[in-house]
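Coordinate inspection notes
As a plain string of letters, each chain reads:
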Amino acid sequence: MNTINIQAYAWISGSMGTTDHQNQTLSQPVRAGATIHDLFSELAQKYPDFKEKVFDPHSDKFSDQVMVIVNGRLIQYREFKTSVINDKDKIILSPVLVGG
């Protein structure tokens, strides 16, 4: 079993078991060979509010309002099923930032 760190920001953090929207870092066990898709499926089962907020209820597709960064690299939705998680990876979940 591998262990990774998930850093969640803003409203995403609030959907993962905290009582407010404070930024948080979670230590999460994952099985060897698990992908980003596998991780998000597990988190959705563990935290129903996470599933409600980061998955489109009509298509079950991951929200385009969330950035997924693994070890400093932005991961696109199409890579979720092929991006294998390694021991001690750092995953950041952040709302998409827009502005001018």
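Quick caveat: nothing in here was measured; it's all calculated off a predicted structure.

**A look at the packing of aromatic side chains**
Tallied over the entire structure, the rule returns seven aromatic pairs. Ring centres of F50 and F55 lie 6.5 Å apart, and the angle between their planes is 75°; on these two criteria the pair is classed as edge-to-face. According to the relative accessible area criterion, F55 is buried, its value standing at 15%. Here F55 and F62 contribute two aromatic rings whose centre-to-centre distance is 5.5 Å and whose plane-to-plane angle is 90°, an arrangement assigned as edge-to-face. Comparing F55 with F62, the two get one shared label, buried. Members of the aromatic cluster, connected to one another through ring pairs, are F40, F50, F55, F62, Y77 and F80.

**Looking at the pairing of strand β2 (residues 24-30)**
By the alternation rule, side chains of β2 split into Q24, L26, Q28 and V30, which are all buried, and T25, S27 and P29, of which none is buried. Of the pairings in the sheet, the one linking strand β1 (residues 2-8) to β2 comprises seven bridges and is antiparallel in character. Note that in β2 the partner of N5 across the bridge is S27.

**Brief notes about the side chain of Q7**
On the secondary structure map, Q7 appears in strand β1. Beyond its immediate stretch of four places on either side in the chain, Q7 contacts Q24, T25, K90, I91, I92 and L93.

**Examining the sheet that holds strand β3 (residues 66-70)**
Strand order in this open sheet of five strands is β2-β1-β5-β3-β4, and the pairing throughout is mixed. The open sheet has two edge strands, β2 and β4 (73-75), and neither has a second partner. The sheet shows a mean angle of 30° between the axes of neighbouring strands, direction not considered. In the packing of helix α2 (residues 36-46) onto the sheet, contacts are made with β1, β2, β3 and β5 (90-95), and the angle to β2 comes to roughly 110°.

What counts, and where the lines are drawn
- Residues numbered from 1 in each chain as written.
- Predicted model: local features only at pLDDT ≥ 70, side-chain atom pairs only at ≥ 80, totals over all residues.
- Heavy atoms only, no water.
- Phe/Tyr/Trp six-rings, centres within 6.5 Å; stacked < 30°, edge-to-face > 60°.
- Buried < 20%, exposed > 50% of the residue type's maximum accessible area, 1.4 Å probe, protein only.
- Helix = DSSP H or I, 4+ residues; strand = E, 2+ residues; numbered from the N terminus.
- Pairing = 2+ DSSP bridges.
- Contact = heavy atoms within 4.5 Å.
- Axes fitted to C-alpha atoms, helices over the stretch in contact; angles between N-to-C directions.

Distances and angles like these do not, on their own, reveal function.
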